[in-house]
Amino acid sequence: MRRIIAALTIFTGILSVHAGKYYDTTVDTATTDRSIMENNDTIIKRNIIQKIIHYFDESNDPKPSKKFDYSIVGGPTYNASTSFQLAVMGAALYHSRMDSLTPISNASVFVQGSLTGFYRVGLSGDHYGPNDAYRIRYCADFAHFPLKFWGLGYDTECENSNETKYTELRSALWCDFQWRIYHNLYIGPSINFRYAKATKVTRPELWYNPDTRNSTYSLGAGFIFSYDTRDISTNASSGINLNLKQYFYPGFFKNKNPFSSTELTFGIYKQAWKSGVIATQLHAMTTYGHTPWSMMPTIDASKGIRGYYEGRYRDKNEGDIVVEIRQHIWKRIGAVAWGGVGTVFNSFNDIRINTLLPSYGIGLRWEFKNKVNVRVDYGIGKRSSSICLGLYETF
């Protein structure tokens, strides 16, 4: 019941705080901010509540004449590790060139904090060059928050008695640059950096071994190959998205334990009926060498698997598959339901029926901007559940 109340708090909180500007091409903006016209001769002044309602009423309207369109939303949220917190998220849509061949670029920023000492700041986006000749994808994430750790490997992580608390300081950045080589085929270089430090560890015996250093530094370079026919990246209703990403973390990049990783993501999107979309994603990630704990793939690495404590299940390899039904309900409101399964393992011989981790749940969607959703998901896993809040679809 507390989780259900928290989910309602999140969704109603989305509508409680706002910031930004409203632009109208037919009415002077200064006049619009102060009043509205009715029957061309009656002026009605807006109070703060009316301004908030008007702001959200207009936030998802397409604005093709504007090169940069942004909005901000915020409110209280709940997370199992940080309890109640305040979150502010912003989304922007912009054009690198105003033509029909160039997709709309997007960028998002989020700021979260709570009285537990948790804070997190992040920036991510997809930039599309003129005529979609190149693409730049990026993400930066800086956080300080209390978490839990159960060790490494499913057999250790599934035991609740192995739970230990710690505080993580994290700095992460990755960036892809892709050139179009033929129709929907893209290839290009990619970089990935992550620094993680675990402090206030309550059970150090789970950490002090060569593969679980408390402080890790990882800098890698590689390439990405993609095939993308989606109609829109932020909320696809049709198409295919295939990504193969290869990273190398060599010793001459100052990595204490050299390793490498390969990640494959394959998504299919199909409009099954007029107001419903079925999205399917297959995801797998494998690492080679002395992979530090902060760089091991987790069961929620693809974001499709929900219902588990963030980062609880991690190992040198991970795989999952998710099928999600996305249904438009009314005006800007939608809902989703999903089911999937994933697992983590050190080698393929470790995969067993009891190591599979199911995931299913439901979620609400509100179209914050055109084709950009604010999502609230309630996921259920094996003896576990969680609430997730974010921008865009999970995949």
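This text goes with the structure placed above it.
The text that follows walks through the structure, step by step, so that each part is easy to find. (Residues numbered from 1 in each chain as written. Predicted model: local features only at pLDDT ≥ 70, side-chain atom pairs only at ≥ 80, totals over all residues. Heavy atoms only, no water.)

Moving on, we get to the packing of aromatic side chains. By the definition in use, this model includes 18 aromatic pairs. Judged by centre distance (5.6 Å) and plane angle (80°), the ring pair of Phe118 and Phe145 falls under edge-to-face. Taken as a pair, Phe118 in the loop between strand 6 (105-113) and strand 7 (119-128) and Phe145 in strand 8 (residues 134-149) lie far apart in primary sequence, 27 residues in all. Comparing Phe118 with Phe145, the two get one shared label, buried. Where Phe252 meets Phe253, the ring centres are 5.0 Å apart and the plane angle is 85°; that geometry is what we call edge-to-face. Within the aromatic cluster, the residues linked to one another by ring pairs are Phe68, Tyr70 and Tyr94. Note that Lys245 overlies the ring of Trp174, its terminal NZ or CZ placed 4.4 Å from the centroid. (Phe/Tyr/Trp six-rings, centres within 6.5 Å; stacked < 30°, edge-to-face > 60°. Helix = DSSP H or I, 4+ residues; strand = E, 2+ residues; numbered from the N terminus. Buried < 20%, exposed > 50% of the residue type's maximum accessible area, 1.4 Å probe, protein only. Lys NZ or Arg CZ within 6 Å of the ring centre and 35° of its normal.)

In this section: the nonpolar core. Note that soluble globular proteins tend to have their nonpolar side chains buried in a common cluster. Within the largest apolar cluster, 15 residues are counted, with the highest numbers of intra-cluster contacts made by Ile299, Tyr308, Tyr313 and Leu357. Counting residues per element, this core draws most heavily on strand 16 (residues 333-345), at three residues. Those residues in contact with Tyr308 that lie beyond four places of it in its chain are Ile299, Tyr313, Leu357, Pro358, Gly381, Lys382, Ser384 and Ser386. Residues Phe118, Ala143, Trp150 and Trp293 belong to the second largest nonpolar core, which totals twelve residues. (Core = buried A, V, L, I, M, F, W, Y, C linked by side-chain atoms within 4.5 Å. Contact = heavy atoms within 4.5 Å.)

Despite not being glycine, Lys303 has its phi angle at roughly 70°, a positive value. Within the secondary structure, Lys303 is located in the loop between strand 14 (276-289) and strand 15 (317-330). By relative accessible area, Lys303 is classed as exposed at 51%. Of note in the backbone geometry, Lys371 takes a positive phi value of approximately 65° without being a glycine.

As defined by bridge partners, strand 18 (residues 372-381) adjoins strand 19 (residues 384-391) across eight bridges and the pair is classed as antiparallel. Note on strand 19: the bridge partner recorded for Val374 is Leu391. (Pairing = 2+ DSSP bridges.)

As a further point, take the pattern of salt bridges. For the structure on display, the rule yields 19 salt bridges. With a shortest N-O distance of 2.9 Å, Glu168 and Arg170 are connected by a salt bridge. In terms of burial, Glu168 and Arg170 fall into one category: buried. Connected via shared salt-bridge partners are Arg306, Glu324, Arg326, Arg365, Asp377 and Glu393. (Salt bridge = Lys/Arg side-chain N within 4 Å of Asp/Glu carboxyl O.)

Within this model, the second largest pocket holds a volume of roughly 490 Å³. Taken together, 23 residues line the second largest pocket, and the ones lying closest to its centre are Asn235, Ser275, His328, Lys371 and Asn373. Of all elements in the fold, only strand 14, strand 15, strand 16 and strand 17 (357-369) reach the threshold of two or more residues within the lining of the second largest pocket. Ranked by residue count, the leading element in the lining of the second largest pocket is strand 16, at four residues. Residue composition of the lining of the second largest pocket, grouped by class: five nonpolar, ten polar and eight charged. (1 Å grid on protein atoms, 1.4 Å probe; cavity = no way out; pocket = protein on both sides within 12 Å on 5 of 7 lines; lining within 4 Å. Points joined across faces, edges and corners; volume = space filled by probe spheres on them. Nonpolar A, V, L, I, M, F, W, Y, C, P; charged D, E, K, R; others polar.)

With that settled, consider a nonpolar patch on the surface. A cluster of nonpolar side chains, Leu86, Val88, Val111 and Val121, forms an exposed patch at the surface whose accessible area comes to about 300 Å². For Val121, the position within the fold is in strand 7. Residue Val121 is classed as partly exposed on the basis of its relative accessible area of 37%. (Patch = residues over 30% accessible without salt bridge, like charges linked within 9 Å, V, L, I, M, F, W, Y side chains within 5 Å. Areas by Shrake-Rupley, 256 points an atom, 1.4 Å probe, with all protein chains shown as cover.)

Further remarks concern the side chain of Ser260. Here Ser260 lies in strand 13 (residues 259-273). For Ser260, a relative accessible area of 13% corresponds to the buried category. Ser260 has contacts with Gln246, Tyr247, Phe248, Tyr249, Thr286, Thr287 and Tyr288, leaving out every residue within four places of it along the chain.

In this section: the environment of Phe84. With respect to the helices and strands, Phe84 occurs in strand 5 (residues 83-94). Overall, the relative accessible area of 47% leaves Phe84 in the partly exposed class.

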